[in-house]
Amino acid sequence: MLSIPNLLTLSRIVAVPALVALLWWPSWQAGFGLAFALYCLMGLTDYFDGYLARAQGTVSKLGVFLDPIADKIMVAAVILMLVGTRHNDIAVITGVHIIAALIILLREIAVSGLREFLAGLQVSLPVSRLAKWKTALQLISLGALILAGALPALVWIKQVGLVALWGAAALTLVTGWDYLRAGIRHMD
């Protein structure tokens, strides 16, 4: 049950409070630098937990349950911190960009609810290839926005992060709609 892949997944969940603490003071550039390093490490554990589980043949129900939760907790925490902290507009999601962040958060909640509903009907809703691209773009955008807080003089990093955030939001709408259409078929 507590295999190496599951421990890697759990480590992401346990690391979220440290990530939040490092993002708490947006004027602390070193904190954002450490947050970026931790965020990258969490991304690596996300890759390796799935890789190891498949390679070792140790895919477990616990891992299947925890992996998407760990991803959603991390993404939601980072978005909340980047929207909720304010200091000279550095590495913070503000203004109209909050809409992109909100789209991502609302879709995650809606798809999680849909998956829970369909699980009660014993219907699986597999992750699509487009949803994997959405996740990759989302993780790149949040990583860039965290890095922009560590390197505020490099304004282009924040711009890359915001463009990627909108790209992720667009893919979020498309994949959310795809999942909803697939789920509606199983509703009375």
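Look up: the structure comes first, before these words.
The paragraphs below set out a description of the structure included in this document.

1. Topic: the packing of aromatic side chains
Phase 1 of the analysis: By the definition in use, this model includes three aromatic pairs.
Phase 2 of the analysis: Their ring planes at 75 degrees and their centres at 5.1 Å tell us that Tyr47 and Phe48 sit as a pair that is edge-to-face.
Phase 3 of the analysis: For the ring pair Tyr47 and Tyr51, a centre distance of 5.9 Å and an interplane angle of 10 degrees mean the geometry is stacked. Residue Tyr47 and its partner Tyr51 are both found in helix 2 (residues 29–56); the two are separated by four residues, about one turn of the helix.
Phase 4 of the analysis: The exposure class of Tyr51 is partly exposed, given its relative accessible area of 42%.

2. With respect to the layout of surface pockets
Phase 1 of the analysis: In this structure, the largest pocket occupies an estimated 1700 Å³ of space.
Phase 2 of the analysis: Val64, Asp67, Pro68, Asp71 and Val127 are, among the 46 residues lining the largest pocket, the residues nearest its centre.
Phase 3 of the analysis: Sorting the residues of the lining of the largest pocket by element identifies helix 1 (4–23), helix 2, helix 3 (61–84), helix 4 (97–120) and helix 5 (129–150) as the ones contributing at least two each.
Phase 4 of the analysis: The element best represented in the lining of the largest pocket is helix 3, accounting for ten residues.
Phase 5 of the analysis: Classifying every residue of the lining of the largest pocket by side-chain character gives 21 nonpolar, twelve polar and 13 charged.
Phase 6 of the analysis: Roughly 190 Å³ of internal volume is contained in the second largest pocket.
Phase 7 of the analysis: Residue assignment for the lining of the second largest pocket shows that the elements contributing at least two residues are helix 4 and helix 6 (155–184).
Phase 8 of the analysis: At six residues, the largest contribution of residues to the lining of the second largest pocket is made by helix 4.
Phase 9 of the analysis: Within the lining of the second largest pocket, the residues separate by chemical class into eight nonpolar, two polar and one charged.

Each value, and the rule that gives it
- Residues numbered from 1 in each chain as written.
- Predicted model: local features only at pLDDT ≥ 70, side-chain atom pairs only at ≥ 80, totals over all residues.
- Heavy atoms only, no water.
- Phe/Tyr/Trp six-rings, centres within 6.5 Å; stacked < 30°, edge-to-face > 60°.
- Helix = DSSP H or I, 4+ residues; strand = E, 2+ residues; numbered from the N terminus.
- Buried < 20%, exposed > 50% of the residue type's maximum accessible area, 1.4 Å probe, protein only.
- 1 Å grid on protein atoms, 1.4 Å probe; cavity = no way out; pocket = protein on both sides within 12 Å on 5 of 7 lines; lining within 4 Å.
- Points joined across faces, edges and corners; volume = space filled by probe spheres on them.
- Nonpolar A, V, L, I, M, F, W, Y, C, P; charged D, E, K, R; others polar.

Read these as layout, nothing more, since geometry by itself doesn't imply function.
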